[in-house]
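# Analysis of the macromolecular model
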Amino acid sequence: MADEHSEVDQTRPSIARVYDYLLGGKDNYAVDRAIGDRFKYDLPGSVAIAHANRQALVRGVRTIALETGVRQFIDMGSGLPTADNVHQVAQRHAPGSRVVYVDSDPIVLAHGRALLVQNDDTRVIRGDIRDYEAIRHNPETTKLIDFDEPVAVILSAVLHHLNDDENPQEVVAYWREQVVPGSYVFISHFRSGHNEETAEAEQLLQETFGRGRWRTDEEIRDLFDGFELLAPGVVQASHWRPDEGADVPRIGQETSVWEQLIAAGLGVKR
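Basis of the calculations
- Residues numbered from 1 in each chain as written.
- Predicted model: local features only at pLDDT ≥ 70, side-chain atom pairs only at ≥ 80, totals over all residues.
- Heavy atoms only, no water.
- Salt bridge = Lys/Arg side-chain N within 4 Å of Asp/Glu carboxyl O.
- Helix = DSSP H or I, 4+ residues; strand = E, 2+ residues; numbered from the N terminus.
- Phe/Tyr/Trp six-rings, centres within 6.5 Å; stacked < 30°, edge-to-face > 60°.
- Buried < 20%, exposed > 50% of the residue type's maximum accessible area, 1.4 Å probe, protein only.
- Lys NZ or Arg CZ within 6 Å of the ring centre and 35° of its normal.
- Expected span 1.5 Å × (residues − 1).
- Contact = heavy atoms within 4.5 Å.
- pLDDT = per-residue confidence, 0-100.
- Pairing = 2+ DSSP bridges.
- Right-handed = clockwise from strand over helix to strand, strands pointing away.

### Some points on the pattern of salt bridges
Close approach of charged atoms lets side chains of opposite charge pair. A complete count under the given rule lists 18 salt bridges for this structure. For Arg 191, the salt bridge is made with Asp 217, and the minimal N-O distance between the two is 2.8 Å. Here the residue Arg 191 occupies a position in the loop between β5 (184-190) and α10 (196-209), and Asp 217 occupies one in helix α11 (residues 217-222), the gap between them amounting to 26 residues. Each of the salt bridges in this network shares a partner with another, and the network as a whole consists of Asp 128, Arg 130, Glu 166 and Arg 211.

Below is the structure:
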């Protein structure tokens, strides 16, 4: 872990650490907070995107754990540990669930491994989602994940960091071919709102990280090619299977323009 920390460039913002800051975390540097503050103050309400996405992820993992019988999860671009991580949600509802976290940020790796040192059913590996072969054949992955049994692949708020020429559809298609029928994919993604807020947020992301692509609902649905998209389809994250009685909007109810900028969906391989 010391080696990984030594690789951290504290002069450059990290996607994972900016996201951590927007969620109220403390594992970030001044450069990350400066970018986060631009989202907070220049684009008021944008923090709602991070929270809407996180809550949808929790509901997605819970749905898989409770309703599908799947007990294996691969979380791509997992980000810094926060409340209700994938392994916590999955293992709470389905004890014995196994989780492999994948991220390229050395701070994420160090914190994740420290958190999970006592959890034999969870691993954290370094990987770039574009290098899917390396992730699939990593010894830690093959030690924990049995690809002859159904697997849930989690791609939460990560594919919109790939430009079109990096082919996010190919990333999803690779994992579709690696998993057996009965496997699931959960995807959340920034969606084009065709409005000023979308344009400003997308521009800020591209200026900061040199990458990032908002996509239309149709383009996000296309990412599920080869999977059966389950109800309610690709919808605003706040509308994706909200908890009964929770103080969140249902489909047809108004949400903030910011909440409308993140969509989520769940698909199954038949």
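That was the structure; now back to the text.
### Observations regarding the packing of aromatic side chains
The relative placement of two aromatic rings is captured by the distance of their centres and the angle of their planes. Applying the stated criterion across every chain, the model contains five aromatic pairs. Consider the rings of Phe 147 and Trp 175, whose centres lie 6.4 Å apart with planes at 25°: the pair is stacked. Separated by 28 residues along the polypeptide, Phe 147 in the loop between α8 (139-144) and β4 (152-156) and Trp 175 in helix α9 (residues 168-178) bring together distant segments of the chain. Taken individually, Phe 147 and Trp 175 each receive the classification buried, so the pair is uniform in this respect. Note on Phe 186 and Trp 240: the rings are 5.7 Å apart at their centroids and 80° apart in plane angle, and the pair reads as edge-to-face. With Phe 186 in strand β5 and Trp 240 in the loop between β7 (235-236) and β8 (262-268), this pair connects stretches of sequence that are 54 residues apart. Classification of Phe 186 as buried rests on a relative accessible area of 1%. On the basis of relative accessibility, which here comes to 0%, the residue Trp 240 falls in the buried class. Feature note: the residues Tyr 132, Phe 147, Tyr 174 and Trp 175 constitute an aromatic cluster, connected by ring pairs. Note that Lys 40 overlies the ring of Tyr 21, its terminal NZ or CZ placed 4.1 Å from the centroid.

### Thoughts on helix α4 (residues 47-67)
It helps to recall that an α-helix has 3.6 residues per turn; residues three or four apart then point in one direction. Taking 1.5 Å per residue, 21 residues should reach 30 Å; α4 reaches 30 Å between its end C-alpha atoms and fits that length. The first or second residue beyond α4 is Gly 69, which carries a positive phi of 80°.

### Quick word on the environment of Trp 258
Structurally, the position occupied by Trp 258 is in the loop between β7 and β8. If near-sequence neighbours (up to four positions away) are discounted, Trp 258 is found in contact with Leu 43, Pro 44, Gly 45, Ser 46, Ala 48, Ile 49 and Glu 197.

### Looking at the confidence of the model for the protein
For the protein, mean pLDDT is 88; residues scoring 70 or higher make up 92% of the total. Long-range and interchain partners of residues 1-6, a stretch whose pLDDT sits below 50, account for nine contacts in this model, where long-range means more than four residues apart.

### Description of the side chain of Arg 215
The topology assignment puts Arg 215 in the loop between α10 and α11. Among all residues touching Arg 215, those that are not within four sequence positions of it are Leu 159, His 160, Leu 162, Asn 163, Asp 164, Pro 168, His 189, Phe 190, Arg 191, Ser 192 and Ile 220.

### Comments concerning the pairing of strand β1 (residues 72-76)
Counting buried positions along β1 yields five of five residues, so the element is predominantly enclosed. Here β1 shows a buried face lined by Gln 72, Ile 74 and Met 76 and a second buried face lined by Phe 73 and Asp 75. Bridge count between β1 and β4: three bridges; the pairing is parallel. When the sheet's bridge partners are listed, Phe 73 is paired in β4 with Ala 152.

### Some thoughts on helix α5 (residues 86-93)
Turning to α5, its buried residues are Val 86, His 87, Val 89, Ala 90 and Gln 91. Contact partners of the buried residues in α5: α4, β1, β2 (98-103), α6 (106-115) and β3 (122-126).

### Observations concerning the pairing of β4
Extensive coverage of β4 is indicated by the burial of five of its five residues. Of the two faces of β4, the one carrying Ala 152, Ile 154 and Ser 156 and the one carrying Val 153 and Leu 155 are both buried. In the sheet, β4 pairs with β5 via five bridges, with the strands oriented parallel. From the neighbouring strand, Ser 156 faces β5, where its bridge partner is Ser 188. On the question of chirality, the crossover connecting β4 to the parallel β5 by way of α9 is right-handed.

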